[in-house]
Each structure stands twice: as structure tokens, then as C-alpha cells.
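Residues per chain are reported as follows:
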Amino acid sequence: MVTIDNYDFKGKRAIIRVDFNVPLNDKGEVTDDTRIRAAVPTIKKVLAEGGAVILMSHLGRPKKNPDPKYSLEQIIPAVEKNLGTKVLFAGDCMGEKAAEMAAALKAGEVLLLENLRFYAEEEGKPRGLAEDATKEEKEAAKKALKEGTQKEFVKKLASYADCYINDAFGTAHRKHASTYLIAKYFPNDKMFGYLMEREVKAISAVMEAPQRPFCAIIGGSKVSTKIGVIKALMDKCDSIVIGGGMTYTFSAAQGGKVGKSICEPEMFPVALEILELAKEKNVKLVMSPDALICDKFSEEANTQTASVREIPDEWEGVDIADQGKAAFREHILGCKTILWNGPVGVFEIDKFSTGSRVVADAIAEATQNGAFSLIGGGDSVACINKFGLADKVSYISTGGGALLEYIEFGTLPGVEAIRD
Ligand code: AMP
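What comes next concerns the included structure. Computed from a predicted model, the values in this text were never measured in an experiment.

So, on to unusual backbone geometry. In the segment running from N65 into P66, the intervening peptide bond is cis, with an omega of -5 degrees. You can see P66 is positioned in the loop between β2 (52–56) and α2 (76–83). The omega torsion across R212 and P213 is 0 degrees, close enough to zero to call that bond cis. As for its placement among the helices and strands, P213 is situated in the loop between α7 (194–208) and β7 (214–218). A positive phi angle, close to 60 degrees, is found at N282, a residue other than glycine. One can find N282 in the loop between α10 (268–281) and β10 (284–287).

Here we take up a negative patch on the surface. A contiguous patch of negative charge on the surface is contributed by E131, D132, E136, E137 and E139. Looking at the element boundaries, E136 is found in helix α5 (residues 135–147).

An α-helix turns once per 3.6 residues; consequently, residues spaced three or four apart project the same way. Restricting attention to buried positions, one finds in α2 the residues I76, A78, V79, N82 and L83. Taken around the axis of α2, the buried residues stretch over an arc of 165 degrees, which confines them to a single face. Along α2, exposed side chains directed more than 90 degrees from the buried face belong to P77 and K81. Buried residues along α2 sit in contact with α1 (34–48), β2, β3 (87–89) and β4 (110–112). Directly beyond the C-terminal end of α2, a positive phi value near 70 degrees is found at G84.

Let's shift gears to the nonpolar core. Most often, soluble globular proteins keep nonpolar side chains buried together rather than apart. I15, L113 and L233 are the most contacted members of the largest nonpolar core, which has 70 residues in total. Once residues within four sequence positions are removed from consideration, I15 is found in contact with I54, M56, L113, L157, Y160, A161, C163, Y164, I165, I182 and F186. Membership of the second largest hydrophobic core comes to 30 residues, among which are I16, V18, V46 and V87.

This paragraph deals with the side chain of R17. Its place among the elements puts R17 in strand β1 (residues 13–17). For R17, the side chain forms a polar contact with the side chain of H58, separated by 3.1 Å.

Secondary-structure assignment places S380 in helix α13 (residues 378–386). The buried category is assigned to S380, whose relative accessible area is 1%. Remark: the alpha-carbon pair of S380 and I218, spanning 162 residues in sequence, is separated by 9.7 Å. Dropping the residues within four chain positions of it, S380 is found in contact with W340, N341, G342, P343 and I375.

Taken together, 14 residues surround the ligand, and among them S221, K226, G317, E348 and D379 come closest. Relative to its unbound accessible area of 510 Å², the ligand is 81% covered by the protein chains. A class-by-class count of the residues in the shell around the ligand yields five nonpolar, six polar and three charged.

With respect to the helices, strands and loops of the structure, G244 is situated in the loop between β8 (239–242) and α9 (246–253). A relative accessible area of 6% places G244 in the buried class. For the pair formed by G244 and E121, sequence separation is 123 residues and the distance between their alpha carbons is 38 Å.

On inspection of all chains with the given rule, the structure shows five aromatic pairs. Between Y164 and F186 the ring centres are 6.2 Å apart and the planes differ by 25 degrees, which places this aromatic pair in the stacked class. In this pair, Y164 sits in strand β5 (residues 163–166) while F186 sits in the loop between β5 and β6 (190–192), placing the two residues 22 residues apart along the sequence. Like Y164, the residue F186 is buried in the burial classification.

Parameters at a glance
Residues numbered from 1 in each chain as written. Predicted model: local features only at pLDDT ≥ 70, side-chain atom pairs only at ≥ 80, totals over all residues. Heavy atoms only, no water. Helix = DSSP H or I, 4+ residues; strand = E, 2+ residues; numbered from the N terminus. Patch = residues over 30% accessible without salt bridge, like charges linked within 9 Å, V, L, I, M, F, W, Y side chains within 5 Å. Areas by Shrake-Rupley, 256 points an atom, 1.4 Å probe, with all protein chains shown as cover. Salt bridge = Lys/Arg side-chain N within 4 Å of Asp/Glu carboxyl O. Lys, Arg positive; Asp, Glu negative; His and termini not counted. Charge placed at Lys NZ, Arg CZ, Asp CG, Glu CD. Buried < 20%, exposed > 50% of the residue type's maximum accessible area, 1.4 Å probe, protein only. Arc of directions from axis to C-beta. Contact = heavy atoms within 4.5 Å. Core = buried A, V, L, I, M, F, W, Y, C linked by side-chain atoms within 4.5 Å. Polar contact = N/O pair within 3.5 Å; in protein donor to acceptor, adjacent residues only side chain to side chain. Near = heavy atom within 4 Å. Nonpolar A, V, L, I, M, F, W, Y, C, P; charged D, E, K, R; others polar. Phe/Tyr/Trp six-rings, centres within 6.5 Å; stacked < 30°, edge-to-face > 60°.

And the structure:
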């Protein structure tokens, strides 16, 4: 397999799928350039080896073409600052100008294409359907798009370059034109960028050969969004710590009273199935026996501690309490591999964030003692950053949905497209 380190870029044009889906303020300025910084090593490598670079990305969710609010032109100053070099802009990702600019690129030059999602072909999701379109009509429109203009779109993007690099882990779970379909035009000239390479290596290490005991901490708000991953983890982990809003669905499914806590009654059968599966597969499930409950969802709330099975009617569980904190901490400190996705409470509100802080501290301490810790998913990463512990854990994944799907299915379309 070719890699970015053994490929000869001299005189070649590399089209790189990056994730420049960065937050912008009202003036169109980049407020957090983490994702741009993350792509720099790959871009610089190609340039240093005598290649030219064509960058392609999406930004937000535009619904029309063009849509100035989502134009990648706005991020040029941030990209130039990070690369320390001028960035040419094509003003479109299709059309003659983009093709001409790509063809004219010289070694050491960088060309940025306009937002790929200005075109429905990038995602393969048809636009402009009547509001009352039937399911059959929607399916037919999707098929027509995929078999028609999407093919042209992919071919055109591929025609700009001699080789393809995917360095956008955050979108690697999508079968989009730029993350998946384009790869087949480069059977011998496709590779991961450094960021993708690192993500794939870290996640594979955890999922395929973890040091044991291996524990996953799954928090967040709802069971419904985490069932797939919890079930998949049953085959890999020695224990699963379940926290966050999910706790109350598990409690209520077993007859507990959860007051106004977040709860998904339609998930009761699934929660009971997970409890059974854990017994069958000999996976220890760790849940907090107590909850921090509040009378309103704000920093001014009154709080008290209650059993997760006896929350008064007008109260809501928003964090783990003392017994849960002690149990989670002790459990985490006994593990050699730790995967964390999702806060165990409403960490955005300081008053309800102390449980997530205990978890983050315990993970940092376990890492210090030799465990491998992988943190992934927007909110747990936000948590680790909020508590200033980012450099105390082994690996922070840049993918939320991508990480969860990687765990659930053992691979991702964007990874397969390169390995194929
Ligand atoms: P997710 O995107 O599913 O990982 O959920 C993350 C969100 O879950 C965060 O915004 C947390 O505030 C929220 N969350 C965690 N615990 C609770 C809880 N007990 N009740 C309501 N929301 C929660």
C-alpha cells in the first residue's frame, strides 16, 4: 500500500480531502482553527517533496449554490497563516476555472476549491424536491442523482490531480464523492494523510489489541444514539461504564422512578436487552447508584442527591453524585485501556460538571500510571479541554460520529476506500 511517506510527490498534483469545517464568527473569521492546524503536516509534506496541493472540503450545511455564508473563501487567511504560504482560490469546485487553475498549478503551490457541498452531488442527496414528495419519489431522485450527475462530479474532481489523499477523519464515515467515490480513480495513487493515519492507528490499537482490563465509558444524553456502539463494545470490552442521561432510561426500565430526568420509554426493551447481553458476555456494567438532581436546568438550580431509582417527581438527574463518583473513579483506575465517549452529566453547566471532572481526572491519572486512553466524540473532547487535561490523555480523536461508527462496524467507508 502506498503511504504519504513512501509516495513520490515530485512534479505531482495531490488532491487532499481535508476537514476545514471550522466555526466562523459573524464577520466570517475562523474562531477555532484546530482542524486547519491538524491538516498542516500532510499539506507541508506534499509541498516539501516537490508536489502541488489541491485542497477540498465542506463547510457547514449549505442548501444552494453559491451560498456566501458557507464560502471557503472566508477561511483563506487562516489557512495561509497556518501554512505560511499563499493559497489560490478557485471560486468553485467545478467549472472551467477550477480545472484550469488545477492544471496550471506549479510545484509548491496550493489551490483551495470552493465548498464541495454547494453541489448536491457531494453528498448524493437530491435537492429541490416537493415538500409532499413520496418516499418512492425521493428514492428515485436519489438514484437518478447517484447514477447521473454525481458520477460526472466525482470524475471531474479526480481529473484535477495525479494522486488522492484523504485526511478528513471527521467525515470518513460518509460515502460521499470526496471521501469515498473519488478513491476508485486512483487505484495505485491513493493514501491516508497523517491525521487519518494516526486516527486509524490509535483506534485499531484500542479495538484490536487492547491491554486489559479494557473499559469503555459511554455517556451523553440518549440511549438511542449509542445502542449500536454499546452492543459492539460488548464483544471487545471487559467493562462498560454507563453515565449521562442514559442512566435514567436504564433505571426506569427496571422500575425506577426518574422524575423529570431525560428518559426514552421506547428504549426500555433495548436497555433490558443490554443488561442481559452484559451478563451473557460477562461484561461488567458500571452505573452510578446515585444522582445529582436539580429543580431547574441552570446554574441557579437547587440541587440534592438521590438514588437513581427514587428521583422525586419535579426533579431531574443531571450528574452522578458521591457514590457514583467514587465507583467510577475506582473502576477507571483499575483499567489499562480506556475509551471515553460522552460526558456523565450536563458538563456545560459548572454545577453539574463535577462528575465528568472526576471521570476526566481519573482517566488522566490512569494514563499517568501507564494506561492507554482514547477520548472521542465532540462533547468528551470539549470536557477534557474544559478541565485542561488534553495533554494528560493518550489520544484525542477528531471524529465524533466517525469514531462511533468505526467502533460499531470495525471500519469506515473512507478507510476502506483507501485500503481497497
Ligand atoms: P451526546 O451528544 O449524546 O454525547 O450527548 C452529550 C450531551 O449530553 C451533553 O450536552 C450533556 O450536557 C448531555 N447530558 C449528559 N448527561 C445528561 C443528563 N443527565 N441529562 C441531560 N443531558 C445530559
